[in-house]
Amino acid sequence: MCRNEEFIKEIFHYFINDPCKYTTNNVIKRHTKNLSEFGDYSFPINTQNWAQFLPPLQHLSVDNIFDYRQRCDDKFESITDHIKDFVQNSRKWTLQIEQAVINDTRCAIFLNRYSAFQLTLTTVLNNPNYGCYEGDQTYAVVRNDTDPGDKEPLTKYRCRVIQNVIVNLTKHLKGSTQKSLYVTHKSTDSGAPQGSTKILVGNVTSTDNKVLNVDATDYIQKRSVDMQLMAQHKYGLRVKNELFFQNLINSLGKAAVTIDLLEVRPSGSLKLNMSGCSTGRSKGASFILYNSARIETLLKKYDHGVATKFYPETPPLDRVDLALLKEEEEWILLFNYVLAYPSLINQTIGENNKLTFSLHLLCMFLSGLASTFSIYYARTRILTENRPQLMPALHARIYLLKSIQIILNKCLAILNIDPVKQM
């Protein structure tokens, strides 16, 4: 189970001591915005909201869930004492609570950020299988590849892209039994093996809902031109090496097409505005990869600084003061992205193996990560001068950058997009 889901389960079981009543769609919510104001998690305290998990009529006899717990365990004199016990109990949980605050009708939970940084960075940097999880089944994608020939319609190409991404996603599942998946864009396709699950891919259409008979190669070429113009005019890319430049533009073009084709869930029809895509969809791929290049460049400069003795040797993670990661964007990068990556994989595949394959969530995740890092990069000077008082914070940030790089590259690898080393 993902760390986020495990923590929510631990909160639930603190109040409801019945494992059979737990459900992933319960009243405890994980926040992604305004974390310093509303908390990292929260839940309603009114027992009406917990009624489905309580014995019959119990929600009518007490006003809030803390009172209900107190009735079950009569050792607290006040709700203040109970909140202290709630926080203290979390010391044994997946994530530790720093503070729990009741605001009107909800209890806001603020995590102990130091312990969350320490636990998450240690796991990500030392576990190459971070994001994989155990389940009842694994899945094998039955290849439905045919030679595209000289011309390959965009719908068929989209089907092939989705099939390859699903192949990569299923590698994150570890189970004892195997089931076959068959990806097709034809509702009448009879080629699916017996017993396999068919995943139907929607058509690529124009804005007037007509199937778009555009060759995939032509569309990739068009997006490559779009990306070249954006790289030169928005990001200031200059041609220094013609071969490197052409390979980069080709890579950016394919990445842009992949993001374009995955912007809606696979079963949905995808509308493309051929005349306006250069001002709309291209920002996603270029922005994501530009920030990927930023991270690569920062880490490369830092490693060069260590190699040339400009910076001291990097201390082991357990000797780095992660409490120095105090910027709000640093916490958002960890909580919403590094810590949340296993949850993303679970939700993308489909919780409880529902096989929804909501691949658009990967695109949204990457876009959000790039946006947050861009804000952080603009506000924070990461590579500082070599002064003794600045090195502890620099080392903490380098470890955070390395973990972000790992998560970013894992997502790009799932999408079969190569990270950009420089721009």
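Structure shown above.
Residues numbered from 1 in each chain as written. Predicted model: local features only at pLDDT ≥ 70, side-chain atom pairs only at ≥ 80, totals over all residues. Heavy atoms only, no water.

**Details of the overall build of the chain**
Then step 1. A count of helices and strands for the chain gives 14 helices and 11 strands.
Then step 2. Expressed as a percentage of contacts within the chain between residues at least 6 apart in sequence, the contacts between residues at least 24 apart total 70%. (Helix = DSSP H or I, 4+ residues; strand = E, 2+ residues; numbered from the N terminus. Contact = heavy atoms within 4.5 Å.)

**Points about the packing of helix α6 (residues 113-126) against helix α11 (residues 328-338)**
Then step 1. Running from N to C, α6 and α11 cross one another at 50°; their axes reach a closest spacing of 11 Å. Between α6 and α11, the angle is such that the two are oblique. Helix-helix and strand crossings are classified by hand; for α6 and α11 the assignment is left-handed. In contact with R113, A116, F117, T120, L121 and V124 of α6, α11 contributes E328, E330, W331, L334 and V338.
Then step 2. Considered class by class, the residues forming the contact of α6 with α11 number seven nonpolar, one polar and three charged. (Axes fitted to C-alpha atoms, helices over the stretch in contact; angles between N-to-C directions. Parallel < 35°, antiparallel > 145°, perpendicular 65-115°, else oblique. Left-handed = near helix turned anticlockwise from the far one by under 90°. Nonpolar A, V, L, I, M, F, W, Y, C, P; charged D, E, K, R; others polar.)

**Quick notes on the nonpolar core**
Then step 1. By size, the foremost hydrophobic cluster in this structure holds 127 residues, and its most contacted members are F15, F43, W50 and F86.
Then step 2. Among the elements that take part in this core, helix α14 (residues 391-414) stands out by supplying 13 residues, more than any other.
Then step 3. Non-local contacts of F43, meaning those with residues more than four positions away in its chain, are made with I11, F15, V27, I28, W50, I65, F66, F86, T105, R106, C107 and I109. (Core = buried A, V, L, I, M, F, W, Y, C linked by side-chain atoms within 4.5 Å. Buried < 20%, exposed > 50% of the residue type's maximum accessible area, 1.4 Å probe, protein only.)

**Observations regarding unusual backbone geometry**
Then step 1. Positive phi is not limited to glycine here, since N34 has a value of about 50°.
Then step 2. Topologically, N34 is positioned in the loop between β1 (29-30) and α2 (35-38).
Then step 3. Judged by relative accessible area, N34 falls into the partly exposed class, the value being 47%.
Then step 4. Its identity as a non-glycine residue notwithstanding, D104 has a phi of 60°, on the positive side.
Then step 5. Here D104 is to be found in the loop between β3 (97-103) and β4 (106-111).
Then step 6. D104 gets classed as exposed once you look at its relative accessible area, which sits at 70%.

**Quick look at the packing of aromatic side chains**
Then step 1. This model, assessed by the stated rule, comprises 26 aromatic pairs.
Then step 2. Measuring from ring centre to ring centre gives 5.0 Å for Y14 and F15, while their planes differ by 85°; the resulting arrangement is edge-to-face.
Then step 3. Judged by relative accessible area, Y14 falls into the buried class, the value being 7%.
Then step 4. A cation over a ring is seen here: R69 above Y14, with NZ or CZ 4.0 Å from the ring centre. (Phe/Tyr/Trp six-rings, centres within 6.5 Å; stacked < 30°, edge-to-face > 60°. Lys NZ or Arg CZ within 6 Å of the ring centre and 35° of its normal.)

**So, the environment of R143**
Then step 1. Mapped onto the secondary structure, R143 falls in the loop between β6 (137-142) and α7 (154-170).
Then step 2. Linking R143 and V167, residues 24 residues apart in sequence, is a C-alpha distance of 9.4 Å.

**What about the sheet that holds strand β8 (residues 177-184)?**
Then step 1. On the basis of which strands lie adjacent, the open sheet formed by three strands has the order β6-β8-β9 and parallel pairing. What marks the edges here is a single partner per strand, and that holds for β6 and β9 (197-200). In this sheet, adjacent strand axes meet at a mean angle of 35° when their direction is disregarded.
Then step 2. Relative to β8, β6 is paired through six bridges, and the arrangement is parallel. Paired with Q137 across the bridge in β8 is T177.
Then step 3. Against the sheet, α7 contacts β6, β8 and β9, and its axis sits at roughly 165° relative to β8. (Pairing = 2+ DSSP bridges.)

**Focus on α7**
Then step 1. The end-to-end C-alpha distance of α7, which contains 17 residues, comes to 24 Å, matching closely the 24 Å that a straight helix rising 1.5 Å per residue would cover.
Then step 2. Along α7, 14 of the 17 residues are buried, which leaves the element largely enclosed by surrounding structure. (Expected span 1.5 Å × (residues − 1).)

**Considerations on the state of the cysteines**
Then step 1. Counted by the stated rule, this structure contains zero disulfides.
Then step 2. Among the cysteines around C363, which has no disulfide bond, C411 carries the closest sulfur, lying 9.8 Å off.
Then step 3. When its relative accessible area of 8% is taken as the criterion, C363 is described as buried. (Disulfide = S-S within 2.5 Å.)

**Quick word on the pairing of β8**
Then step 1. Where β8 lies against β9, four bridges are found, and the strand directions are parallel. Counted as the bridge partner of L181 is T197 from β9.

**Brief notes about the sheet that holds strand β2 (residues 41-44)**
Then step 1. The four strands lie next to each other as β1-β2-β4-β3, forming an open sheet whose pairing is antiparallel. Edge positions in the sheet fall to β1 and β3, since each of these pairs with one other strand and no more.
Then step 2. One ladder, built from two bridges, connects β1 with β2; its direction is antiparallel. Bridge pairing links R30 to Y41 in β2.
Then step 3. Strands β1, β2, β3 and β4 of the sheet are contacted by helix α1 (residues 3-15), whose axis makes an angle of about 35° with β2.

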